[in-house]
Amino acid sequence: MTNLRENSNIANNYNPYYEFDLRFLLDSIFRRRKLSLIVVSSTVFLSLCYAFLSKPIYKGEFQIVLNQKNKNSITGAALFNSVDNPTIKSLLGSAFNTSSNINTEIEILKSKSVLMPIYNFVKKQKELEGNDMKNYKFSQWLSNVNIDLKPRTSVLNVSYKDSSMNLVLPVVRKISNAYKSYPGRDKNKGLIEALNYFDKQIEIITDKSEKAYRDYIFYALENNLNTLPSGLPVRSYTESANNLNKAEEKINIDPRLMIQNQIQELEIEKIEVESIDIDEYDDRTMPEFVQISEERNRNLISVLDNKVVLLSEARNFFTEDDPQVSKLKNNIKYLNKKLHTKTLEYLDIEIRNLKSRLKLFNKPKEIVIKSKEMQRELIRLDSVLVNLENSKTIISLQLEEETNPWQLISTPFMDDSPIAPKKKQILVLGLFAGVFLGIVSAIYADKYSGLVYSLKEFKSYLNFNFLKEIDFNNTEKWEDSINMLSKNISESQIKKLGIACVNENNLYEVKKFTNKLSKSISNVNIVTSDKLMDLSSCEDIILLVSKGKVKKSELVEFKNKCQLLKKPLLGWIYDNTGIQNLS
């Protein structure tokens, strides 16, 4: 029997319910066709009941267009952006709705503040019709109101649907009237409150600013300071908010420090001038360290430059010892000494003048520090006051503007025919749903029956040698298979052969198989049983399993018994005849 024992089966982890197998799916539907037909029929019947018994739904609608240009006017946006103070901007943000967009407007249209009166009207009308509306909430009613934005436009389609035909059109009209009266209602109220707030703040800051200004003037006169430093941003001297930053920069510059720096620069130049050896400058002009503005000194430099030019020309024709060259060099040296003296005198005069000016600015540190603090306070108060007045101007202009965020572009109307239920669509969907549920129920019934219907699945549970697949409906083919099997068994010269089955469900197939096999090998004793112990005395055992008649648990149990019996199987045969119709 070696040729039959070769190529023993290795278990595969095959599961047709988790791996897509079209043939298995079609077989499953065919096996459970009665169940599938019942599910499909039931689903279609329920769809018919729903389509013909549901209350008709009617719809009314109208259209509005969002006016974004008015909502964020150019004037308002420009004035709003001119405010630099972030705190004031946050105060004004809600009044101007700078972040407003179409989605925000849609949410406003759905809000309780707009639609609550209409909800109360609907609730009251339905109560008059005898309906119990105690648990009827605003959110439930709002689901009947639909607001759709048309693609690439700012046009909104507002619709309302209800089962009460006489109620739809009045409700749609009330919604349109509510949208007409709503724009500007809360906006004007908020702007007036903001205007009153800024009036109070301007009055408070104005008093503080005037007091700070008087205090500074008094302090400046008392301590011999400039009464109004250049660029001080008091309101009467302020042209724009941009001047405030420039004024603060000028106040932060200390004039004493500027004069001290100038004195140091001149003293350094004086030292450099004094270090010059004037005897070396008999053929060129000495370096010019400072710009001397006096005309006569400028003439001296001009004469000196002319002498240097003449000396250069004379050297082209005469030697250094020539009297004319010597005379020019002496003249250049004399003029350089005179220029040197004039430069030192000029530097001394400038240093003395700057030191005299420095004495005028010398004040005690406490006075200077307090003066700077008072000036900064004036800057801060003036900046706040300017921003407050600008904000008040923005609010005043916005109050004058007519704000209509949306506008009706069609009159409310209602469709004469109901929009729901859509009977054809419900029937088609019911049919598709029934087919789907029928397929699912067939697969579910197959899966949870525990029966095995696939050769691949049998192979995944039986790791024995697979001998043959037979079909008892095809007599010629399965008899040929038995004849070949009989030939192999005869050659092995065994005396007793066992034919095993897992349960009693396929005893008919086993007997039919055994009878045919007995005729082919009359010299072999064939024992048939669904219990392995009855076959323990047999020299070889063949297992016969039938499609749809063996459970997975029974296959596992049979395999475990084989391991305990410690008797190897010759192999197993698969009968694919199976069962063709299950409920």
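Residues numbered from 1 in each chain as written. Predicted model: local features only at pLDDT ≥ 70, side-chain atom pairs only at ≥ 80, totals over all residues. Heavy atoms only, no water.

J.: Which residues make up the overall build of the protein chain, and what are the values?
T.: When its secondary structure is counted, the protein chain shows 21 helices and 10 strands. Burial status across the protein chain gives 38% buried among its 583 residues. For the protein chain, long-range pairs separated by at least 24 residues make up 83% of all intrachain contacts whose partners lie at least 6 apart in sequence. Summing over all exposed atoms, the protein chain offers an accessible surface of approximately 34,400 Å²; the carbon and sulfur share of this is 52%. (Helix = DSSP H or I, 4+ residues; strand = E, 2+ residues; numbered from the N terminus. Buried < 20%, exposed > 50% of the residue type's maximum accessible area, 1.4 Å probe, protein only. Contact = heavy atoms within 4.5 Å. Areas by Shrake-Rupley, 256 points an atom, 1.4 Å probe, with all protein chains shown as cover.)

J.: Before we move on, can you summarise the side chain of Thr514 with the specific residues and values?
T.: Take Thr514: it is sitting in helix α20 (residues 507-520). Note on Thr514: relative accessible area 9%, which makes it buried. When near neighbours in sequence (up to four residues on either side) are disregarded, Thr514 contacts Ile499, Ile526 and Thr528.

J.: Can you tell me about the environment of Lys531, naming the residues and giving the values?
T.: Note on placement: Lys531 falls in the loop between β8 (525-529) and β9 (540-546). Spatially, the C-alpha atoms of Lys531 and Phe558 are 9.1 Å apart, while their sequence positions differ by 27 residues.

J.: Account for the packing of helix α8 (residues 112-128) against helix α10 (residues 165-181), with residues named and values stated.
T.: Running from N to C, α8 and α10 point in directions that differ by 160°, and their axes come no closer than 9 Å. Taken together, the axis directions place α8 and α10 in an arrangement best described as roughly antiparallel. Judged by the sense of rotation from one axis to the other, the crossing of α8 with α10 is right-handed. Between α8 and α10, the contacting residues are Val114, Leu115, Ile118, Phe121, Val122, Gln125 and Lys126 on the first element and Leu167, Val171, Lys174, Ile175, Ala178 and Tyr179 on the second. Of the residues contributing to the contact of α8 with α10, the split by class is 10 nonpolar, one polar and two charged. (Axes fitted to C-alpha atoms, helices over the stretch in contact; angles between N-to-C directions. Parallel < 35°, antiparallel > 145°, perpendicular 65-115°, else oblique. Left-handed = near helix turned anticlockwise from the far one by under 90°. Nonpolar A, V, L, I, M, F, W, Y, C, P; charged D, E, K, R; others polar.)

J.: Requested: an account of the nonpolar core, with residues and values cited.
T.: With 28 residues, the main nonpolar core has Leu115, Ile118, Trp141, Tyr160, Val171, Ile175 and Tyr179 as its most contacted residues. The element that contributes the greatest number of residues to this core is α10, accounting for seven residues. Grouped together as the second largest cluster of nonpolar side chains are 21 residues, Trp478, Cys501, Leu544 and Ile573 included. (Core = buried A, V, L, I, M, F, W, Y, C linked by side-chain atoms within 4.5 Å.)

J.: Go over the sheet that holds strand β7 (residues 496-500), please, and point to the residues and values.
T.: Taking strand neighbours across the sheet as the criterion, the five strands line up as β6-β10-β9-β7-β8 in an open arrangement whose pairing is parallel. Two strands bound the open sheet, and with one partner strand each, they are β6 (466-470) and β8. Across the sheet, the mean angle separating the axes of adjacent strands is 20° when strand polarity is ignored. As defined by bridge partners, β7 adjoins β8 across five bridges and the pair is classed as parallel. Each bridged residue has a counterpart across the sheet, and for Ile499 the counterpart in β8 is Thr528. (Pairing = 2+ DSSP bridges.)

J.: Would you mind going over helix α21 (residues 552-565) in detail, with residue names and values included?
T.: Under the 1.5 Å per step criterion, the end-to-end length of α21 is 20 Å for 14 residues, consistent within 8% with the ideal 20 Å. Taken together, the buried positions of α21 are Lys552, Leu555, Phe558, Lys559 and Cys562. For α21, the angular spread of buried residues about the axis comes to 125°, placing them on one side. Packed against the buried residues of α21 are α17 (423-449), α18 (455-461), β7 and β9. (Expected span 1.5 Å × (residues − 1). Arc of directions from axis to C-beta.)

J.: Go over unusual backbone geometry, please, and point to the residues and values.
T.: Here Ala420 and Pro421 are connected by a cis peptide whose omega angle stands at 0°. Looking at the element boundaries, Pro421 is found in the loop between β5 (413-414) and α17. With a phi close to 60°, Arg152 is a non-glycine residue in the positive phi region. Considering the arrangement of structural elements, one finds Arg152 in the loop between β2 (145-149) and β3 (155-162).

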